[in-house]
Structure formats: C-alpha cells, structure tokens
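Chain and residue survey
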Amino acid sequence: MKPIAVFQHTEVGAPGTVVPILQALGREVQVVRIVDGEPVPTDASAFAGLVFMGGYMSANDPLPWIGQELALIRAAAAQGIPVAGHCLGSQLVARALGGSVHTHTRPEIGWNDIVADDHALARNWWGDAAGQRIETFQWHGDTFTPPPGAVRIATGVHCAAQAYVLDDRHLLVQSHLEMTPALVALSLARNGAQLLRQHAAGNPAVASMDATQQEVPARTARMAGHLQRLYARWCGTLP
C-alpha cells in the first residue's frame, strides 16, 4: 500500500490530528517537512494521496516550493490520485486545479461556525453533521474561488468558501479542523495576541483572546470527530 504524503509548511501549520486519523484508518503516512527544507517530491504516483497543510504565506507567493506543489497537485489529479488541503493547502489545491486565490474582505481568526450543506454529496462526506452548524478554528486572510466543477459542502457567515469537493475525491477545507490544544496554544503564542488585537476592532470574524482560549480541549475533540468522518470518506476514494 502506497503512503499518503502530508505536506507541512510551517511549525504552526503542523498536521495535528490529520496523521493519527489517517493512521487509525489503516493508512501509512509520510510527512514532507517543507518547513525544514525537505524537497517537494516530483512523482505523484509514489503516493496513494496528497494532503497539504496550512501556512502564513499566500498560495500566490513566488516561492519555489509553491510552484512545485502546484505542479504535483496537477499531476496527481491527472492520475486520479486524491488530494486534500487545509487552509493554505485548500487554496493551493484550488489554484492548481483551475480556481484562484485572493485576499479576503477581512481576516477570520479564532472560533467561528460553518454550516455543512445538506445535499446527497455533502451527506456522503459529513454524515450526520450535514445541515448542521460546525464550530471550527479559523486563521486566514486569503480565500479561494473553487475550481470549475467543485461542489460546495460547507459555507460560513464570515467566509463563504469553507469546504468543497471536486470529482468526489479532492477535498478543500478552509478551516483548521486539524487543530489540537497544543497547536491552538502555539498559534496564539506566535504573535497571536498581537494579531487578535490588531484585527478584532470592528471585525466580527476575529474572536477575542479570552474567547479563543476557552474550552479548547472539548472544541478540538469535536473538530477531530468531524475530520475523521471526512477522511474516512476521502480514504475510500484512494486507489
């Protein structure tokens, strides 16, 4: 069985619950640590699937590894290899497969609800959560226009592009469903307080520091449950 490659771009953008969820689903995982200068693989066929995590950079930045990841995503899609992306990762997948990435009208930071769509495809991915509000952790200033043919499976009040599926195998998730309590704490420690103060005034999409730190273990555990359901469906599409 070929491994799933998980691409980590920054320390704060660690895979979180993604790796243990995939392993619990019986899959081998290979973390590609772009953050440490590890090269982007050139052969998509070496992997059963590709997962791209978040990062502070833009999907439009002229960084060499961004161009290489975009090419790898296109090669994977051409070969029917499923890809998934979280935050920056979702924007990379969108851009690679025909969508676009642009600055959002306002940053979205902290705990915000999204609403899972309630149609046949969305129910296949969300299960019982279809049609329900789902609390998620957000930290982004950009958003994406989905690739042609992508089907929305979740939207949000502060950012409409929250989750899409393309060809019933490629998964784009804007929010950080993968967060653990340790990753939330690390995000806040790395200039998080300054960013919250900078953007919170007059921006309902940015939570206060106090609100962001409340009930983190319970909130991240609920997100992990939703992410496990998404990845169980995603793994079912792997070759």
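So, here's what we can say about the structure. (Residues numbered from 1 in each chain as written. Predicted model: local features only at pLDDT ≥ 70, side-chain atom pairs only at ≥ 80, totals over all residues. Heavy atoms only, no water.)

Right, let's talk about the overall build of the protein chain for a bit. What the protein chain contains, in helices and strands, is eight helices and nine strands. In terms of overall size, the protein chain behaves like a compact globule, its C-alpha atoms giving a radius of gyration of 16 Å where 239 residues would be expected to give roughly 18 Å. Once the C-alpha set of the protein chain is aligned to its principal axes, its extents read approximately 45 × 40 × 30 Å. A total of 239 residues make up the protein chain; the buried ones form 55% of that total. Nonlocal contacts in the protein chain, meaning residues at least 24 apart in sequence, comprise 75% of its contacts between residues at least 6 apart. In the structure as shown, the protein chain presents an accessible area of about 9600 Å², 52% of it carried by carbon and sulfur atoms. If the 16 positive side-chain charges of the protein chain are averaged to one point and the 19 negative ones to another, these points end up 3 Å apart. (Helix = DSSP H or I, 4+ residues; strand = E, 2+ residues; numbered from the N terminus. Rg over C-alpha atoms; globule rule 2.2 N^0.38 Å. Buried < 20%, exposed > 50% of the residue type's maximum accessible area, 1.4 Å probe, protein only. Contact = heavy atoms within 4.5 Å. Areas by Shrake-Rupley, 256 points an atom, 1.4 Å probe, with all protein chains shown as cover. Lys, Arg positive; Asp, Glu negative; His and termini not counted. Charge placed at Lys NZ, Arg CZ, Asp CG, Glu CD.)

Now for the packing of aromatic side chains. In this structure the tally under the stated criterion is five aromatic pairs. Plain terms: the ring middles of Phe-7 and Phe-52 are 4.5 Å apart, the flat faces sit at 10° to each other, and that makes the pair stacked. Of this pair, Phe-7 sits in strand E1 (residues 4-8) while Phe-52 sits in strand E3 (residues 49-52); the two residues are 45 residues apart in sequence, bridging distant segments of the chain. Residue Phe-7 is classed as buried on the basis of its relative accessible area, which comes to 0%. An aromatic cluster is built from Trp-111, Phe-137 and Trp-139, whose rings are joined through pairwise contacts. (Phe/Tyr/Trp six-rings, centres within 6.5 Å; stacked < 30°, edge-to-face > 60°.)

Let us look at the nonpolar core. The biggest cluster of nonpolar side chains holds 45 residues, and the ones touching the most others in it are Trp-126 and Trp-234. In terms of residue count, helix H8 (residues 216-235) provides more of this core than any other element does, seven residues in total. Ignoring anything within four residues of it in the chain, the contact list for Trp-234 reads Ile-4, Leu-22, Gly-49, Leu-50, Val-51, Pro-82, Val-83, Ala-84, Trp-125, Arg-169 and Leu-171. Residues Ala-5, Phe-7, Phe-47 and Leu-72 belong to the second largest nonpolar core, which totals 32 residues. (Core = buried A, V, L, I, M, F, W, Y, C linked by side-chain atoms within 4.5 Å.)

We now examine the side chain of His-170. Mapping His-170 onto the fold places it in strand E9 (residues 170-173). According to the relative accessible area criterion, His-170 is buried, its value standing at 1%. Polar side-chain contacts of His-170 include one of 3.2 Å to the backbone nitrogen of Val-83. Leaving out residues up to four positions away in the same chain, His-170 has contacts with Ala-77, Ile-81, Pro-82, Val-83, Leu-97, Tyr-164 and Val-165. (Polar contact = N/O pair within 3.5 Å; in protein donor to acceptor, adjacent residues only side chain to side chain.)

Attention now goes to helix H3 (residues 88-96). The element H3 is largely enclosed, with a buried count of eight among its nine residues. Along H3, the positions that sit buried rather than exposed are Leu-88, Gly-89, Ser-90, Gln-91, Leu-92, Val-93, Ala-94 and Ala-96. Here the buried face of H3 lies against E3, helix H2 (64-78), strand E4 (83-86), strand E5 (100-116), strand E6 (133-145) and E9. After H3 finishes, the residue Gly-98 shows a positive phi value of roughly 110°.

Below, the discussion takes up the packing of H2 against H3. The axes of two packed helices give the description: the angle between them and the distance between them. The contact between H2 and H3 brings their axes to 9 Å, and the two run at 65°. Judged by the twist between their axes, the crossing of H2 over H3 is right-handed. Along the contact surface, H2 presents Trp-65, Ile-66, Glu-69, Leu-70, Ile-73 and Arg-74, while H3 presents Leu-88, Leu-92, Val-93, Arg-95 and Ala-96. (Axes fitted to C-alpha atoms, helices over the stretch in contact; angles between N-to-C directions. Left-handed = near helix turned anticlockwise from the far one by under 90°.)

A word on the environment of Gly-54. Examined against the element boundaries, Gly-54 turns out to sit in the loop between E3 and H2. As a C-alpha pair, Gly-54 and Pro-15 span 39 residues in sequence and 8.5 Å in three-dimensional space. When neighbours within four sequence positions are excluded, Gly-54 is seen to be in contact with His-9, Thr-10, Gly-13, His-86, Cys-87, Leu-88, Gly-89 and His-176.

Our focus in this paragraph is the layout of surface pockets. One number sums up the size of the largest pocket: a volume of about 620 Å³. Secondary structure elements with two or more residues in the lining of the largest pocket: H3, E5, E6 and helix H6 (192-200). Classifying every residue of the lining of the largest pocket by side-chain character gives 12 nonpolar, 13 polar and four charged. (1 Å grid on protein atoms, 1.4 Å probe; cavity = no way out; pocket = protein on both sides within 12 Å on 5 of 7 lines; lining within 4 Å. Points joined across faces, edges and corners; volume = space filled by probe spheres on them. Nonpolar A, V, L, I, M, F, W, Y, C, P; charged D, E, K, R; others polar.)

This part is about the pattern of salt bridges. Where charged atoms from two side chains of opposite charge come close, those side chains can pair. With the rule as written, the count across this model stands at eight salt bridges. Residue Asp-36 pairs with Arg-33 through a salt bridge whose shortest N-O separation is 2.5 Å. Between Asp-113 and Arg-133 there is a salt bridge, with the nearest N and O atoms lying 3.2 Å from each other. With Asp-113 in strand E5 and Arg-133 in strand E6, this residue pair connects regions lying 20 residues apart in the sequence. Judged by relative accessible area, Arg-133 falls into the exposed class, the value being 53%. Salt bridges linked by common partners bring Glu-135, Arg-219 and Arg-222 together as one network. (Salt bridge = Lys/Arg side-chain N within 4 Å of Asp/Glu carboxyl O.)

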